[in-house]
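# Observations on the model geometry
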Amino acid sequence: MAHQTIIVVDFGGQYNQLIARRVRECKVYCEVVPYTKALQVIKQKQPQGIIFTGGPASVYEPGAPAIESEVFNLGIPVLGICYGAQLMAQALGGKVAPASLREYGKTLVDFDNAEGALFAGLPKQNNVWMSHGVMIEEVPAGFSVTAHTPSCPVAVMEDTQRHFYGLQYHPEVTHTENGTEMLRRFLYDVCGCTGDWTMGDYAKTAIETVRAQIGDGKVLLALSGGVDSSVVAALLAKAVGPRLSCIFVDHGLMRKNEGDEIEQVFGNGDMHFVRVNAADRFLSKLAGVDDPETKRKIIGEEFIRVFEDEAKKIGKVDFLAQGTIYPDVIESGEGDAKVIKSHHNVGGLPAHVDFKEIVEPLRLLFKDEVRQLGKELGLPDYLVNRQPFPGPGLAIRVIGDITVEKLDLLRDADAIFREEIALAGLDKSIHQYFAVLTNMRSVGVMGDSRTYDYTLALRGVTTSDFMTADWARIPYDILEKISGRIVNEVPHINRIVYDITSKPPSTIEWE
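Residues numbered from 1 in each chain as written. Predicted model: local features only at pLDDT ≥ 70, side-chain atom pairs only at ≥ 80, totals over all residues. Heavy atoms only, no water.

## Comments concerning the environment of Met-199
Filter applied, for reference: A helix here means a DSSP run of H or I that spans at least four residues, while a strand means a run of E at least two residues long, and both kinds are numbered starting from the N terminus. Contacts are assigned to residue pairs with any non-hydrogen atoms lying within 4.5 Å of each other.
On the secondary structure map, Met-199 appears in helix H5 (residues 199-214). Spatially, the C-alpha atom of Met-199 lies 23 Å from that of Asp-10, the residues being 189 residues apart in sequence. Other than its neighbours up to four places away in sequence, Met-199 contacts Leu-365, Glu-369, Gln-372, Leu-373 and Glu-376.

Shown next, in the form of structure tokens:
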């Protein structure tokens, strides 16, 4: 079944796949294409609309990402966001220059003409998410200015005859008021989309794609028991059945009792399930390592080495399956995006892999889409709604070097935190919450004696997409109970702090 399509032209910004997520959230299919290949793909697919993303470059710099001007002569609506708006302005004869005052974060925008297709009926003022040091100084012929801020004369420009729109801010970020509604209006009212894309359709397509990719081969999956790997397992089982082998590598970096729980859920099923107790192997490789990027790469490589060993025991295995999702790809800086941190599913892989090919059926999905897909595939809610857990596990939640003693402290403290959040009924409203054992020690008093022990950080966030997140407002009385339990029940922790930074500027994980 052919779907209406939006092409998202990628100019290398950090929010690019978030734009795609918002489009799909509006039940419109989209594809993300690098700017170097965009015109060719657009001509081939004839999409209903085009969206230019943001990017880290300045449009007037030599070698800045660009697209052929022919794209503006195809009669297809175009929405430019941030860098994309500046690129549109410059390409069509406007003027772009360094901003006299850079704008980052929430900014109040005045909409001078809020009656156009994107803004009719919306408030005359909206808080939006700005992230730019360059501005549109003069709009091209045929454009009108729809919105401004005190320091940005062109926050929105429109050419309603040709259906070209430029937004200096980021409507895809949740901090932008009515941002998703503005995108929806571009998709439906400007591009004429009808919303024919659902996760049920994606499930069918993904199964067919994986089946074609694997053919008669055998596939090996790292089954952690997390949402991503569980959904991959369910999808692969439907696609290739008994030719799937699932290996659970217990690297000694799991949460409390988690290894046993995973084996209990998956060990008695129809799939070929193998548990590898490799804690000593991983911890010996990580001994004395305190750099988070090095930790990730060591763990990623050791995962592959373990898989190679187990694959030899299983027999010939042609494919390695992974639960890589969009945020992993974005934050690992593929293409022109800047690297925030590498992920063991992406940047941490070694150059040599003893498999024919990597299978990544979730690579185009955000976490909430993965959960929807899991439901479509018939997975139970307790698995689909499981708390996110990073591939490197507690290795990146113990700051500094890793020891068994530190891991045990963190496991006990994290279990108390998660238990109390669940007892308070907050486990559904706080989308991710966990403890971090810092490498900082401080003076305390316990039982009339001086202590000099670890500081534990608690982290809780609310988010719809994991690309942006706000810190969770956990009630003080619950934080007090959690703090009291941890310092009384877990030795060598005498101070609890709570992280109140959002993403951005921080990431969800500390490392």
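## Re the pairing of strand S10 (residues 219-222)
Formally: A pair of strands is considered paired only if DSSP assigns at least 2 bridges between the two. A crossover gets the label right-handed when its path from the first strand over the helix to the second runs clockwise, viewed with the strands pointing away from the viewer.
As paired elements, S10 and strand S11 (residues 244-250) share four bridges and run parallel to each other. When the sheet's bridge partners are listed, Val-219 is paired in S11 with Leu-244. Read from S10 through helix H6 (residues 227-240) to S11, the crossover connection turns out right-handed. Note: S10 against strand S13 (residues 319-321), three bridges, orientation parallel. The partner of Leu-221 across the bridge, within S13, is Ala-321.

## Let's talk about helix H13 (residues 404-423)
Heads up, the condition is: Any helix carries an expected span of 1.5 Å times its number of residues minus one. Relative accessible area decides the class of each residue, using a 1.4 Å probe on protein chains only: under 20% of the type maximum gives buried, over 50% gives exposed, and in between gives partly exposed.
Taking 1.5 Å of rise per residue, 20 residues should cover 28 Å, and H13 covers 29 Å from first to last C-alpha, within 8% of that figure. Where H13 is concerned, the buried positions are Lys-406, Leu-407, Leu-409, Leu-410, Arg-411, Ala-413, Asp-414, Ile-416, Phe-417, Glu-420 and Ile-421. Phi turns positive, to about 75°, at Gly-425, one or two residues after H13.

## Notes on the pattern of salt bridges
Counted only if it meets this: The salt bridge definition used is simple: a Lys or Arg side-chain nitrogen within 4 Å of an Asp or Glu carboxyl oxygen.
Tallied over the full model, the rule gives 34 salt bridges. Between Arg-281 and Glu-302 there is a salt bridge, with the nearest N and O atoms lying 2.5 Å from each other. Of the two residues, Arg-281 is situated in helix H8 (residues 279-286) and Glu-302 in helix H9 (residues 292-314); the sequence distance between them amounts to 21 residues. The partly exposed category is assigned to Arg-281, whose relative accessible area is 32%.

## Structural notes on the nonpolar core
Put simply, the rule is: Here, the term nonpolar core denotes a set of buried Ala, Val, Leu, Ile, Met, Phe, Trp, Tyr and Cys residues that are joined through side-chain atoms within 4.5 Å.
One finds Leu-236, Leu-373, Leu-456, Leu-458, Ile-474 and Ile-486 to be the most contacted residues of the largest nonpolar core, which totals 86 residues. Tallying contributions element by element places H6 first for this core, with nine residues. Among residues more than four places away in sequence, those in contact with Ile-474 are Phe-417, Ile-421, Leu-426, Ile-430, Leu-479 and Tyr-498. Grouped together as the second largest cluster of nonpolar side chains are 32 residues, Leu-118, Val-128, Phe-186 and Leu-187 included.

## Brief notes about unusual backbone geometry
Here the residue pair Lys-503 and Pro-504 is connected by a cis peptide bond, since its omega of -10° sits within 30 degrees of zero. Summarising the element assignment, Pro-504 is placed in the segment after strand S18 (493-498). A cis amide bond, omega 15°, links Pro-504 with the succeeding residue Pro-505. Inspection of the secondary structure puts Pro-505 in the segment after S18. A positive phi angle, near 65°, is found at His-163, a position not held by glycine. With respect to the helices and strands, His-163 occurs in the loop between strand S8 (152-159) and strand S9 (164-167).

## Observations regarding the sheet that holds S13
To keep it simple, the criterion reads: Lines fitted to C-alpha atoms define the axes, with helix axes restricted to the stretch in contact, and inter-axis angles between N-to-C directions lie between 0 and 180 degrees.
Read from one edge to the other, the open sheet built from five strands follows the order S12-S11-S10-S13-S14, with strand pairing classed as parallel. This sheet does not close on itself; its edge strands, each paired only once, are strand S12 (272-277) and strand S14 (357-359). Across the sheet, the axes of successive neighbouring strands diverge by a mean angle of 25°, strand direction being ignored. Across the sheet, H5 touches S10, S13 and S14, and the angle it forms with S14 is around 165°. This element, H9, spans S10, S11, S12 and S13 of the sheet and lies at about 135° to S11.

## A word on the packing of aromatic side chains
Where we set the bar: Geometry of aromatic contacts follows a simple scheme: Phe, Tyr and Trp rings, the Trp one being its six-membered ring, pair when their centres are within 6.5 Å, and the pair is stacked under 30 degrees between planes, edge-to-face over 60, tilted otherwise.
Evaluated as defined, the whole model comprises 13 aromatic pairs. Ring geometry for Phe-52 and Phe-72: centres 5.9 Å apart, planes at 80°, overall edge-to-face. One end of the pair, Phe-52, is in strand S3 (residues 49-52); the other, Phe-72, is in the loop between S3 and strand S4 (78-81), with 20 residues separating them in the sequence. When its relative accessible area of 0% is taken as the criterion, Phe-52 is described as buried. With relative accessibility at 7%, the residue Phe-72 sits in the buried group. Residues Phe-282 and Phe-303 carry aromatic rings whose centres are separated by 5.5 Å and whose planes lie at 65° to one another, so their mutual orientation is edge-to-face. Of this pair, Phe-282 sits in helix H8 while Phe-303 sits in helix H9; the two residues are 21 residues apart in sequence, bridging distant segments of the chain. The same class applies to Phe-282 as to Phe-303, namely buried.

## Remarks on the side chain of Lys-295
The condition is simple: Between N or O atoms, a polar contact is any pair within 3.5 Å; within protein, one atom must be a potential hydrogen donor and the other a potential acceptor, and residues adjacent in sequence are included only when both atoms are from side chains.
In this structure, Lys-295 sits in helix H9. Residue classification places Lys-295 among the buried positions, given a relative accessible area of 0%. Looking at Lys-295, its side chain comes within polar contact range of the main-chain oxygen of Gly-400, at 2.8 Å. Other than its neighbours up to four places away in sequence, Lys-295 contacts Leu-286, Val-289, Asp-290, Ala-395, Val-398, Ile-399, Gly-400, Ile-402 and Glu-511.

## Observations regarding the packing of H5 against H6
Cut-off, in case you're wondering: Each crossing is labelled by how the near helix is turned from the far one, with a counterclockwise turn of less than a right angle marking it left-handed and a clockwise turn marking it right-handed. Polarity classes work like this: nonpolar for Ala, Val, Leu, Ile, Met, Phe, Trp, Tyr, Cys and Pro, charged for Asp, Glu, Lys and Arg, and polar for all others, with Gly in that last group.
Close contact between H5 and H6 brings their axes to 9 Å; oriented N to C, the two are set at 65°. You can see that H5 and H6 cross each other, and the crossing is right-handed. Along its contact with H5, which presents Ala-206, Ile-207, Val-210, Arg-211 and Ile-214, the element H6 presents Leu-235, Leu-236, Lys-238, Ala-239 and Val-240. Residues that form the contact of H5 with H6 fall into these classes: eight nonpolar, no polar and two charged.

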